[in-house]
Amino acid sequence: MKWGVNHKMNVKLLGYTPDPEKIPAMAGMLTHSKSKPEDLEKAPEKQLNAVLKEVLKMGHTSVIEHTSFTFAISDVSRSLTHQLVRHRIASYAQQSQRYVDFKEPNYVTPPKIAKNKKMKKAYDKTMKNIWEEYNKLRDMGIPAEDSRFILPNAACTNIIVTMNARSLLNFFELRCCLHAQWEIRQLANKMLGEVKKVAPIIFKNAGPACKTKNYCPENKKDCPLYPR
Ligand SMILES: Cc1cc2nc3c(=O)[nH]c(=O)nc-3n(C[C@H](O)[C@H](O)[C@H](O)COP(=O)(O)OP(=O)(O)OC[C@H]3O[C@@H](n4cnc5c(N)ncnc54)[C@H](O)[C@@H]3O)c2cc1C
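Quick caveat, the model's predicted, so the values are computed rather than measured. (Residues numbered from 1 in each chain as written. Predicted model: local features only at pLDDT ≥ 70, side-chain atom pairs only at ≥ 80, totals over all residues. Heavy atoms only, no water.)

Caption draft 1: Focus on helix H9 (residues 182–198). Across its 17 residues, H9 extends 25 Å between first and last C-alpha, which sits within 8% of the 24 Å expected from 1.5 Å per residue. Taken as a whole, H9 has its buried residues at Glu183, Ile184, Leu187, Ala188, Met191, Leu192 and Val195. Structurally, H9 contributes buried residues whose contacts are with strand S1 (10–16), strand S2 (68–77), helix H4 (78–84) and helix H8 (165–175). (Helix = DSSP H or I, 4+ residues; strand = E, 2+ residues; numbered from the N terminus. Expected span 1.5 Å × (residues − 1). Buried < 20%, exposed > 50% of the residue type's maximum accessible area, 1.4 Å probe, protein only. Contact = heavy atoms within 4.5 Å.)

Caption draft 2: Seen up close, the site of the ligand. All residues adjacent to the ligand are Arg86, His87, Arg88, Ile89, Asn170, Leu174, Arg175 and Glu218. Between an oxygen atom of the ligand and a side-chain N or O atom of Arg86, the distance comes to 2.8 Å. Alone, the ligand offers 940 Å² of accessible surface; in the complex the protein occludes 46% of this. (Near = heavy atom within 4 Å. Polar contact = N/O pair within 3.5 Å; in protein donor to acceptor, adjacent residues only side chain to side chain. Areas by Shrake-Rupley, 256 points an atom, 1.4 Å probe, with all protein chains shown as cover.)

Caption draft 3: Highlighting unusual backbone geometry. The backbone phi angle of Asp19 is positive, close to 50°, even though this residue is not glycine. Looking at the secondary structure, you find Asp19 in the loop between S1 and helix H1 (22–30).

Caption draft 4: Up close: the pairing of S2. As judged from the six bridges shared by S1 and S2, these two strands associate in the antiparallel manner. Pairing of Tyr16 across the sheet is with Phe69, part of S2. Strand direction decides the pairing type here: S2 and strand S4 (residues 156–164), joined by eight bridges, are antiparallel. Residue pairing across strands places Ser68 opposite Asn164, the latter belonging to S4. (Pairing = 2+ DSSP bridges.)

Caption draft 5: Up close: the sheet that holds S4. One open sheet accounts for four strands, arranged S1-S2-S4-S3; its pairing is antiparallel. Strands at the two margins of the open sheet, each flanked by one partner only, are S1 and strand S3 (91–94). Put simply, the sheet's adjacent strands are angled 20° from each other on average, direction ignored. Direction of pairing for S3 relative to S4: antiparallel, over a ladder of four bridges. (Axes fitted to C-alpha atoms, helices over the stretch in contact; angles between N-to-C directions.)

Listed below in structure tokens is the structure:
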């Protein structure tokens, strides 16, 4: 890898529940119907969509737990994934620093550092030193699980995450907020863009709390999105 290259995060929607909006709509319909759930499958699409919109408006969001989305996320920092995995209503698989050797330097540079030549030089130098020391430890026979203790928060990693739609709404509320940390906010916005394409009704109004709930949990009155 070339020194100082800025990594660009990749976010791919790997898969999702087939008919991601039909099943939650059927679940909503079922609660008010004498019909068996399998018979609701034949309900016209227009009716199913109307039910889903109504159910979501009522805040009956448990029905969208029946739909899940799986994302492949690569070239993000460990700093990001540390925040991501705090979202407990999800499943994860992350590249291991025990089983994978990181001989080559691979790290994320924050934009505020990248745009300042002097800072960027110092940052790259520190990263270079860290990786040199990491390789020295490995060469001296220290296992990867111990050598990794000196790797930085900036170290690149890859992760697969699965979340149901309800958990995703909560994730977007917290992480699309302008006060969320920039890298996880970038990730949340990319994920939101992907799910909107396949489940437009569920995610139509998704986003930060100022958009969904018309209030600012951070009470940041200087924010351009602060509800007036
Ligand atoms: C801007 C920002 C700053 C933050 N700063 C910090 C920080 O400084 N330090 C820090 O430690 N964390 C911090 N966090 C992380 C935050 O506290 C949450 O851990 C994280 O956002 C996950 O949110 P969550 O619990 O809603 O999500 P999930 O874990 O996915 O949970 C979803 C929802 O399920 C329910 N739930 C889940 N588990 C339980 C449970 N055990 N009991 C009851 N209800 C449950 C809750 O309603 C919860 O909202 C920050 C988050 C943000 C967005």
